[in-house]
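Structure at a glance
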Amino acid sequence: ADGHAPAPYPPSGSVRLSVSVPGGKGPGDTLTFTNPANPAQKLRVAIPPGFDGSRISVNVPAPGGAAAGAGALAPAKARKMTFSNETREALDTFSRTYDDWVDAEARHQDLVAEGGVGFKVKVKKMDKFDELVASEFPKDLATPVDASFLRLLVRRTRQNRQKRKNRDEPEVLGDRGLRSPHRPVGRGEEKVS
């Protein structure tokens, strides 16, 4: 490689670190140093052939990598973003209200524009969180909030609410004993009214 060419970019999951070479050490010798991401971990590197300076660049595991240990920061994908119940309910309310507005706007567009521009209801409903993320959430969060995460959060909130509702409703007495009013009627069963 040319001496003026930039050093290769470190592989993903690692960072480049400059290490001081103590006097008396040369090419082929081994250096032991502390990993700055995990002070309990010692790393070892061989001084490359042709070395003639006082520092070498080495790639070390990034904070949160597999070798970083328990004391390091977790990678962004492993961090869990949590919202309070009130925030989740507010997002669900926003979602339902926005969907109602989109439906009303679609009806209005159909009445006003006779054969005009088509209002894409499903697209507009999917875009609601894109607009919300762009306008309301800070851009510099440690774990960024994205629209797909908000859709998932609202879907889980609705599912959990429905599960609680189904669990808390009283069972009704039918001709075949107690059963939930939400369980579908099987063959040979008549619907209880």
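Residues numbered from 1 in each chain as written. Predicted model: local features only at pLDDT ≥ 70, side-chain atom pairs only at ≥ 80, totals over all residues. Heavy atoms only, no water.

Details of the packing of aromatic side chains
- According to the stated counting rule, one finds 4 aromatic pairs in the structure shown.
- With centroids separated by 6.0 Å and ring planes inclined at 35 degrees, the aromatic side chains of phenylalanine 83 and phenylalanine 149 adopt a geometry described as tilted. In this pair, phenylalanine 83 is assigned in the loop between strand S4 (55–61) and helix H1 (85–112) and phenylalanine 149 in helix H3 (residues 147–168), connecting sequence segments 66 residues apart.
- The exposure class of phenylalanine 83 is buried, given its relative accessible area of 17%. (Phe/Tyr/Trp six-rings, centres within 6.5 Å; stacked < 30°, edge-to-face > 60°. Helix = DSSP H or I, 4+ residues; strand = E, 2+ residues; numbered from the N terminus. Buried < 20%, exposed > 50% of the residue type's maximum accessible area, 1.4 Å probe, protein only.)

Here we look at the side chain of serine 95
- With respect to the element layout, serine 95 can be found in helix H1.
- Leaving out residues up to four positions away in the same chain, serine 95 has contacts with Lys128, Phe129, Val154 and Arg158. (Contact = heavy atoms within 4.5 Å.)

As for H1
- In this model, H1 (28 residues) spans 40 Å end to end at C-alpha, consistent with the 40 Å of a helix rising 1.5 Å per residue.
- Listed as buried for H1 are Leu91, Asp92, Ser95, Tyr98, Asp99, Val102 and Ala106.
- Elements in contact with the buried residues of H1: helix H2 (121–136) and H3. (Expected span 1.5 Å × (residues − 1).)

Examining the pattern of salt bridges
- Tallied over the full model, the rule gives 8 salt bridges.
- Between aspartate 92 and arginine 161 there is a salt bridge whose closest N-O contact spans 2.5 Å. Taken together, the residues aspartate 92 in helix H1 and arginine 161 in helix H3 connect sequence positions 69 residues apart.
- Classification of arginine 161 as partly exposed rests on a relative accessible area of 26%.
- We note a salt bridge from aspartate 130 to arginine 151, for which the minimum N-O separation is 3.9 Å. Of this pair, aspartate 130 sits in helix H2 while arginine 151 is found in helix H3, placing the two residues 21 residues apart along the sequence.
- On the basis of relative accessibility, which here comes to 37%, the residue aspartate 130 falls in the partly exposed class.
- Bridged by salt links that share partners, the residues Glu89, Asp92, Arg96, Arg158 and Arg161 form one connected network. (Salt bridge = Lys/Arg side-chain N within 4 Å of Asp/Glu carboxyl O.)

Considering the packing of H1 against H3
- Axis separation between H1 and H3 bottoms out at 9 Å; the angle between their running directions is 100 degrees. The angle between H1 and H3 places the two elements in the roughly perpendicular class. Of the residues in H3, those touching H1 at Arg88, Glu89, Leu91, Asp92, Ser95, Arg96 and Asp99 are Leu150, Leu153, Val154, Thr157, Arg158, Arg161 and Arg164.
- Residues that form the contact of H1 with H3 fall into these classes: 4 nonpolar, 2 polar and 8 charged. (Axes fitted to C-alpha atoms, helices over the stretch in contact; angles between N-to-C directions. Parallel < 35°, antiparallel > 145°, perpendicular 65-115°, else oblique. Nonpolar A, V, L, I, M, F, W, Y, C, P; charged D, E, K, R; others polar.)

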